[in-house]
Amino acid sequence: MSRDFRFNRFPVDVLAYELAEERATALGRMGRALETALAKLREFDAAHPRIDASASAQQARRKLVREAGHALWMFVVQREACGLRDSRTVMRNYNVPGEVQQRMGAVFNRPLGAG
């Protein structure tokens, strides 16, 4: 931010500007993470046909789908924090597979209620 902006504004204006800047930065970071997760899944699918896939390949793919679902959730939550409520454009623009959309959400490493 330029010094002129800081000196010629009220502190609340500077704070609002910096918060908006942080939201935009986080949104970009979450979008890149989603792109990376989806690219890994697509690369895996291109290299490993699903027909007669080994158990280890199926497990590796499930992990990639889970990671992409989590990245999608993080991105959608950040978009909503920025006031962007319609996630249909995300699904369309990023070409998010249905199975990734179904895995979108919080990821728990242990069963609920287990300490």
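Residues numbered from 1 in each chain as written. Predicted model: local features only at pLDDT ≥ 70, side-chain atom pairs only at ≥ 80, totals over all residues. Heavy atoms only, no water.

Novice: Mind laying out the overall build of the protein chain, listing which residues take part and the relevant values?
Specialist: When its secondary structure is counted, the protein chain shows 5 helices and 0 strands. Listing every helix and strand of the protein chain by position from the N terminus yields α-α-α-α-α. Evaluated residue by residue, the protein chain yields a buried proportion of 23% over its 115 residues. In the protein chain, the share of contacts with a sequence separation of at least 24, taken over all contacts with a separation of at least 6, comes to 68%. Accessible surface, the protein chain as shown: approximately 8400 Å² in total, 53% of it carbon and sulfur. (Helix = DSSP H or I, 4+ residues; strand = E, 2+ residues; numbered from the N terminus. Buried < 20%, exposed > 50% of the residue type's maximum accessible area, 1.4 Å probe, protein only. Contact = heavy atoms within 4.5 Å. Areas by Shrake-Rupley, 256 points an atom, 1.4 Å probe, with all protein chains shown as cover.)

Novice: So what's going on with helix α3 (residues 55-81)? Residues and values would help.
Specialist: A rise of 1.5 Å per residue sets the reference length of α3, with its 27 residues, at 39 Å; its end C-alpha atoms lie 39 Å apart and thus fit the reference within 8%. Considered for burial, the residues of α3 that qualify are Ala 57, Arg 61, Leu 64, Val 65, Ala 68, Gly 69, Ala 71, Leu 72, Phe 75, Val 76, Gln 78 and Arg 79. Against α2 (11-47), α4 (88-93) and α5 (98-102) lie the buried residues of α3. Following α3 by one or two positions, Gly 83 has its phi on the positive side, about 90°. (Expected span 1.5 Å × (residues − 1).)

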